[in-house]
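Observations on the three-dimensional arrangement
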Amino acid sequence: MRTTQRKGDIATSRAIATFTALGFDVSIPLPAYDLVVDDGTGLARVECKYSRNARREVDLRRIHSNSMGYVVKRTSDNAYDWLFVLDGHGAEYLIKECLAERRSVTLRDTDMLGAVAESG
């Protein structure tokens, strides 16, 4: 079983359920990003991540292997609009910006989905 891919799939399916419960329309696009969410004011391309890190640090790189070894890619500019993160305790976070060229981000309490969704 591909554990890393499974964690990403769990985060993506949770994001679909959460955005749908918030009343947004959700589309699943081609592989460039995980979801497209219509929040009533526009479309947002969403990257979904899963993190079990106790320090609430989320790795933003894409890592896969091929015949030459591991390939590590950082997020390019304008690759997505929102970053959705599901942590190991079931907490959801939403950062409404693209964190391009960064290795990681540390989640803050203000990134929790309820706090972000309520503040706009």
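Nothing here was measured: the structure is a model prediction, and the numbers come from that model.

Okay, the environment of threonine 12 next. Within the fold, threonine 12 resides in helix H1 (residues 3-21). Taking the C-alpha atoms as reference points, threonine 12 and glutamate 47, 35 residues apart in sequence, are found 8.4 Å from one another. Setting aside residues no more than four positions away along its own chain, threonine 12 makes contact with Asp34, Leu35 and Cys48.

Here the focus is unusual backbone geometry. Backbone geometry places asparagine 78, a non-glycine residue, at a positive phi of 60 degrees. For asparagine 78, the location among the structural elements is in the loop between strand E6 (69-73) and strand E7 (82-87). Its identity as a non-glycine residue notwithstanding, glutamate 101 has a phi of 65 degrees, on the positive side. The topology assignment puts glutamate 101 in the loop between strand E8 (92-95) and strand E9 (104-106).

This next bit is on the side chain of aspartate 111. Among the structural elements, aspartate 111 can be located in the loop between E9 and helix H2 (113-119). Within the local environment of aspartate 111, its side chain forms a polar contact with the backbone nitrogen of arginine 108, the two atoms lying 2.9 Å apart.

Our focus in this paragraph is the pairing of E8. Burial of the side chains of E8 extends over both faces: Glu92 and Leu94 are buried on one face and Tyr93 and Ile95 on the other. Judged from the four bridges that link them, E7 and E8 form a sheet pairing that is antiparallel. Bridge pairing in E8 links phenylalanine 84 to leucine 94. Between the end of E7 and the start of E8, which pair antiparallel, lie four residues, with glycine 90 showing a positive phi angle near 90 degrees.

In the structure shown here, the tally under the stated rule is four aromatic pairs. Three or more aromatic residues joined by ring pairs make a cluster, and in this case those are Phe19, Phe24, Trp82 and Phe84.

A few words now on a nonpolar patch on the surface. Nonpolar side chains collect at one region of the surface, where Ile63, Tyr70 and Val72 lie side by side and expose about 350 Å² of accessible area between them. Along the chain, isoleucine 63 turns up in strand E5 (residues 62-66).

In this fold, valine 46 is placed in strand E3 (residues 43-51). Counting along the chain gives 20 residues from valine 46 to valine 26, while the straight-line C-alpha distance between them is 10.0 Å. Non-local contacts of valine 46, meaning those with residues more than four positions away in its chain, are made with Phe19, Tyr33, Asp34, Leu35, Val37, Trp82 and Phe84.

Procedures and definitions
Residues numbered from 1 in each chain as written. Predicted model: local features only at pLDDT ≥ 70, side-chain atom pairs only at ≥ 80, totals over all residues. Heavy atoms only, no water. Helix = DSSP H or I, 4+ residues; strand = E, 2+ residues; numbered from the N terminus. Contact = heavy atoms within 4.5 Å. Polar contact = N/O pair within 3.5 Å; in protein donor to acceptor, adjacent residues only side chain to side chain. Buried < 20%, exposed > 50% of the residue type's maximum accessible area, 1.4 Å probe, protein only. Pairing = 2+ DSSP bridges. Phe/Tyr/Trp six-rings, centres within 6.5 Å; stacked < 30°, edge-to-face > 60°. Patch = residues over 30% accessible without salt bridge, like charges linked within 9 Å, V, L, I, M, F, W, Y side chains within 5 Å. Areas by Shrake-Rupley, 256 points an atom, 1.4 Å probe, with all protein chains shown as cover. Salt bridge = Lys/Arg side-chain N within 4 Å of Asp/Glu carboxyl O.

Just geometry here; none of it tells us what the structure is for.
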